[in-house]
Structures are given as structure tokens and as C-alpha cells.
Amino acid sequence: MSTKTTAKKETLLLEIGTEELPAAYLPSLITQLADQAQTLFDKHAIQYAEISSKATFHRLVLEVTGVEPYVVLPAEEMRGPSKQAAFDGEGKPTRALEGFLKSKGAKLKDIKIVNAGKADYVYWVKPAKKIATIKVLPELLMTILQELRAPKTMRWDDSDVRFARPVRWILSLLGTKLLTVRFGHLKSQAATWVNHPLNTKRIAVSSPSRYNQIIKQHKILLDHDERSAYIDKAVRAAAKKVGATPVSEAFDFGLLDEVIYLTEKPQILLGDFDPQYLSLPREVLLASMAKHQRVFAVESQHKIKPHFIAVLDGKPGKPALVRKMCERILNARLSDSLLFWKQDTQSPIENKLIQLKDVSFHEQLGSMADKSNRMQTLQAPLSQAWQLSEEQSLQLNRARHLAKADLVTTLVKEFPTLQGTVGKYYAKQSGEAEAVAKAIEEHYLPLGGKAPETLLGSALSVLDKFDSLV
């Protein structure tokens, strides 16, 4: 009794090792990697179980499980010349038929005659063909590499290939077999690199399962969703140590989404900053911490506490020294923000209006001062249509008058996303009514799913949007 052995299904692994990829590029690259693999595998009839893509700032990884060992190309029928043109009076093949057979690499015995309505035609039956998947994959993987797109790409050698950042290694395996993949001057190796960029270590990889073991042994969280959950939990645990919780705005504004792509071995560091900076408006303080240092602020009973949580890549050799350095840098940044605040509030917000004539709105529509004047002409019809009271109309006019003044302040130049918010605080500082200050803040809305909450804020927003649209 004979036994028949069949080739087993394998796992495909592709790792693209790079210099530090920008955090903003990674979500798209992860999606592209899986989508392109699925498109090409389906197009070439490669059967598989599941496709997944993962990434850190140093590596893009594609894993395809259950890859069938062979690609079966189904039989095809290809139409040739008509029967009348294919055979002469004696039934012998004409040059037309011989040319058709030669172009297809076929033989006379492989054809058949099929009636196609008004005439009979020659059809060549291309037999089904089975190809080893390992022969097809290298070219497909090189196509995937070439097709990955980023907002900006660069060259790093004379091969003329481009990528988001220089590619330093390629690991490509189907089971235990190395696939030869080339990208510029690079050629795939059965190895990966770990540790800090200044102390990289090459480790041989014999299979996809061995690769996953190596990644785990070196405490690399390859899956971005797993990294996100780990950092989220760790940040909340660190905040709890000082009797606080992470400030919700940090999550709402995407700080977590950013730091997960800045690390592959995330470690948490809890530090302090000078309490004097708590005098800054909440939004300014949070913007300073998130933009410059990418650190999480913490709060207790809705009051920010003088602590921060940083997410590092890898455990530092000297944690106390790293913490001291982070604290020094953050304090310096907050000192700048406090200086900007003090400089901007030395004079009333109205004094800044004269500078709006130097702030361009549009090449053919003049300055921000011109825009503000146009909004004034729209105000009376809107006040009438909305049946605003005399007091409300006066407050709307005042808010319209001051709405763009914060664009020339140092704080907004440093943090453009705080336009309107800074204007609200400076208006309050200058003694303006609460309704006026709130309208100044809200006139940039709707934005990011947030809409104006007040009547005057809605009215000023409509004036601003109407002018822009017209």
C-alpha cells in the first residue's frame, strides 16, 4: 500500500527594516501593506488563510498564514482564426493557424472547433497549470515594496529607489525558506535587527515562528493595537501613583495615537514640573506638554497637577538622569509659553487689531482686517433674521470686531490650533463680556465634531463661514 505525501501550508513573513518612520505615516503604511498583499494574492490566485500587517517606527511587517504551496492556474480557452481561414481546401493548416499555434506555444492536437454563431472558429484549450507558490512570491513582494506610498519619500543611495525613510534590511521567509527579494541595492536576508539604532544587533531568523519568539524575547510590542492598550493601561497606572488620572483631552487630541508609533518597547516615566506654570490657561498648558514633549498631563478633581507622564522607547540605563533631562526640557518649554502669555496680555486685545492688515486672508480678498470689515456688513441682515435683541446685536458686533485679533499673538503663532481659544482668554483678560469671549472661541467651529454651544458663537460662526464661502 503506497502513501501519498502532500506539501503543507506555510506562513509568509516580510519585514521591512527602516530608519525611524514618522508616526503620521504609519497608519497608512500598515493599511497599504495588507491591502496590496490581498490584491496581489487574489489576482495571482494564491490561496491563504489570513493576512495581517503590523508596524513600529523601525519595522513594517506582513504576515500571511496558511499559504498554499501551489498556485493552480485554471484551464483557458482562447479563440483563434475561423475554421475557413485556419484550414485549406485539403484540410491542412494554413499559415494563419500555424502563426496562432506558434504564438501560444500550442500544438495542433490541442485545438478544437467551436461554432460561434455565423461561423466555426478554432479554439486552443490552454490546460490547467500548477506552479510552486515560492516561485511566484518574490516578484509579488518586490511589487508591494515598490507600491507603498508616503506623503514624502527620499533616496539614500544611487539605486534611485524611494521610500518614506531609508530601508536598512529586508527579511522574507516562506516557512523556513528564504525568498530572494531585492529593493535597490538591498537583498533580503534571513535575519532581523533589534535594540537601539546606535547599538543594533543582528539575529538570524529561521522561520516566522522563530521571528515571533525573537520579537517577544526582546520585549518588542509589534502589534500597534497591543501597544496602544499597553500604553493606555500603563499611563493610567502611573497617574494613579500621584492620586490623579490622565487628562482626557490628551486622548481626544490623539496623543496616544501618536506615541504608539514612536515606540516599539514602550516604557513609562513619571516626572514633575514647576507648579508656577499651572497659572497658564488649561488649553495652553496641555498644548505645550503635548506638542513639544508629547507627554501626558494628569489631573485630580478637574485640576491639573504638576506631574507628567512620558512614554519612552526602551528602558533607560539611568532612569533618574533621563527623568531630570525630561523635566528640564519641559520646564523650559512651559517657561516660553508663560513668557508668551505675559507678553500678549500686557495690552488689551483690541490693541492688536491694527496688525491684522498685515495678515493675509487670500491673495484676491485682502487681509484679515478686510475680512472682518466684510463680516460687519453681513451682521445686520443676520441679526434681523435671527431676531437678536439689541444687546445681543451689540455683543455680536463686539465679538466680530475682536474675533481675529489673536492671530497676531505670540501664543497663536506658537500654537495655531489654539486660535479662538487664546482669543477667548485675552478677551476676558481685557474685561470683555463672557458672551463676547465665548463667541470668539466658538466662531471657528464646527470643527472636529465640536459645534458652537451659544447663540452668539453660532451667529459669529455663520458670519465667518458665509464670507469664506462667498
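Read on for a plain summary of the structure. Source: prediction; values computed, not measured. (Residues numbered from 1 in each chain as written. Predicted model: local features only at pLDDT ≥ 70, side-chain atom pairs only at ≥ 80, totals over all residues. Heavy atoms only, no water.)

A tally of helices and strands in the chain yields 16 helices and 20 strands. Dimensions along the principal axes, computed over C-alpha positions, put the chain at roughly 105 × 65 × 45 Å. A buried classification covers 45% of the 470 residues belonging to the chain. Of all intrachain contacts in the chain linking residues separated by at least 6 positions in sequence, the fraction that spans at least 24 positions is 65%. (Helix = DSSP H or I, 4+ residues; strand = E, 2+ residues; numbered from the N terminus. Buried < 20%, exposed > 50% of the residue type's maximum accessible area, 1.4 Å probe, protein only. Contact = heavy atoms within 4.5 Å.)

Time to look at the nonpolar core. In terms of nonpolar packing, the biggest core is built from 57 residues, with Leu 12, Ile 16, Ile 46, Leu 60, Leu 62, Ile 170 and Phe 296 touching the most fellow members. Those residues within four positions of Leu 12 in sequence are excluded, and the remaining contacts are Phe 41, Leu 62, Glu 63, Val 64, Val 67, Leu 137, Leu 141, Leu 173, Leu 174 and Leu 179. Judged by nonpolar contacts, the second largest core, of 54 residues, contains Leu 269, Leu 286, Phe 340 and Met 375. (Core = buried A, V, L, I, M, F, W, Y, C linked by side-chain atoms within 4.5 Å.)

What the rule picks out here adds up to 24 salt bridges. Among the ionic pairs, Arg 236 bridges to Asp 232, the shortest N-O distance being 2.5 Å. Residue Arg 236 and its partner Asp 232 are located together in helix H6 (residues 224-241), separated by four residues, close to a single helical turn. On the basis of relative accessibility, which here comes to 40%, the residue Arg 236 falls in the partly exposed class. (Salt bridge = Lys/Arg side-chain N within 4 Å of Asp/Glu carboxyl O.)

The next point concerns the sheet that holds strand S17 (residues 296-300). An order of S15-S17-S18-S16 is seen for the four strands of this open sheet, with the pairing classed as antiparallel. At either margin of the open sheet sits one strand with a lone partner, and together these are strand S15 (245-246) and strand S16 (266-272). In terms of strand pairing, S16 meets strand S18 (residues 303-313) through seven bridges, oriented antiparallel. Note on S18: the bridge partner recorded for Leu 270 is Ile 309. (Pairing = 2+ DSSP bridges.)

As a further point, take helix H11 (residues 368-385). With 18 residues, H11 should reach 26 Å at 1.5 Å per residue; the first-to-last C-alpha distance of 26 Å fits that figure. At Leu 378, H11 is bent by approximately 35°, the largest bend along its length, and proline Pro 381 sits one to four residues beyond. Those residues of H11 that are buried are in contact with strand S19 (360-362), strand S20 (366-367), helix H12 (390-402) and helix H16 (455-469). Measuring from the backbone nitrogen of Ala 369 back to the side-chain oxygen at the start of H11 gives 3.3 Å, which picks out Ser 367 as the cap. Note on H11: the residue one or two positions beyond its end, Gln 387, has a positive phi of about 55°. (Expected span 1.5 Å × (residues − 1). Bend = angle between axes of the 7 residues up to and from the residue. Polar contact = N/O pair within 3.5 Å; in protein donor to acceptor, adjacent residues only side chain to side chain.)

Attention shifts here to the environment of Glu 15. Tracing the backbone through its elements, the reader meets Glu 15 in strand S1 (residues 10-18). Judged by its relative accessible area of 0%, Glu 15 is buried. Taking C-alpha positions, Glu 15 is 43 Å from Ser 335, a pair spaced 320 residues apart along the chain. Excluding its chain neighbours within four sequence positions, the residues that come into contact with Glu 15 are Arg 59, Leu 60, Val 61, Trp 169, Ile 170, Leu 171, Thr 192 and Tyr 211. Among the polar contacts made by the side chain of Glu 15, one reaches the side chain of Arg 59 at a distance of 2.9 Å.

So, on to a nonpolar patch on the surface. A cluster of nonpolar side chains, contributed by Trp 386, Leu 455, Val 462, Phe 466 and Val 470, occupies part of the molecular surface with about 480 Å² of accessible area. Note on placement: Val 470 falls in the segment after H16. (Patch = residues over 30% accessible without salt bridge, like charges linked within 9 Å, V, L, I, M, F, W, Y side chains within 5 Å. Areas by Shrake-Rupley, 256 points an atom, 1.4 Å probe, with all protein chains shown as cover.)

With that settled, the discussion passes to the layout of surface pockets. What the largest pocket holds in volume is close to 1100 Å³. Around the largest pocket, the lining is made up of 35 residues, and of these Phe 253, Glu 283, Thr 417, Leu 418 and Thr 421 lie nearest the centre. Put simply, the parts of the chain that give the lining of the largest pocket at least two residues each are helix H7 (248-252), helix H8 (255-259), helix H9 (282-293), S17 and helix H15 (434-442). The element that contributes the greatest number of residues to the lining of the largest pocket is H9, accounting for seven residues. Class assignment of the residues belonging to the lining of the largest pocket gives a composition of 18 nonpolar, five polar and twelve charged. For the second largest pocket, the lining is made up of 30 residues, of which Leu 262, Val 311, Leu 312, Asp 313 and Gly 314 are closest to its centre. Among the secondary structure elements, those contributing two or more residues to the lining of the second largest pocket are H9, S18 and helix H10 (319-344). Taken together, the residues of the lining of the second largest pocket sort by class into 13 nonpolar, ten polar and seven charged. (1 Å grid on protein atoms, 1.4 Å probe; cavity = no way out; pocket = protein on both sides within 12 Å on 5 of 7 lines; lining within 4 Å. Points joined across faces, edges and corners; volume = space filled by probe spheres on them. Nonpolar A, V, L, I, M, F, W, Y, C, P; charged D, E, K, R; others polar.)

As a further point, take empty space enclosed by the protein. The full count for this structure, using the stated rule, is one cavity of 30 Å³ or more. In this structure, the largest cavity occupies an estimated 40 Å³ of space. As for the largest cavity, its lining consists of Ser 52, Ser 53, Lys 54, Val 61, Glu 63, Tyr 211, Asn 212 and Leu 222. Listing elements by their share of the lining of the largest cavity, those giving two or more residues are strand S2 (50-56), strand S3 (59-67) and helix H5 (208-217). In terms of residue count, the dominant contributor to the lining of the largest cavity is S2 (three residues). For the lining of the largest cavity, the per-class residue count stands at three nonpolar, three polar and two charged.

With that settled, the discussion passes to the packing of helix H14 (residues 421-429) against H15. Where H14 meets H15, the closest approach of the two axes is 7 Å, and the angle between their N-to-C directions is 165°. By the angle between their axes, H14 is roughly antiparallel relative to H15. Seen along the crossing, H14 lies across H15 with a hand that is right-handed. Here H14 contributes Thr 421, Gly 423, Lys 424, Ala 427 and Lys 428 to the contact with H15, which in turn contributes Glu 434, Ala 437, Lys 438, Ile 440 and Glu 441. For the contact of H14 with H15, the class distribution of residues is three nonpolar, two polar and five charged. (Axes fitted to C-alpha atoms, helices over the stretch in contact; angles between N-to-C directions. Parallel < 35°, antiparallel > 145°, perpendicular 65-115°, else oblique. Left-handed = near helix turned anticlockwise from the far one by under 90°.)

With that settled, consider the sheet that holds strand S9 (residues 167-174). The five strands lie next to each other as S2-S3-S1-S9-S10, forming an open sheet whose pairing is antiparallel. What marks the edges here is a single partner per strand, and that holds for S2 and strand S10 (177-178). Bridging between S9 and S10 involves two bridges; their strand directions are antiparallel. Paired with Leu 174 across the strands is Lys 177, a residue of S10.

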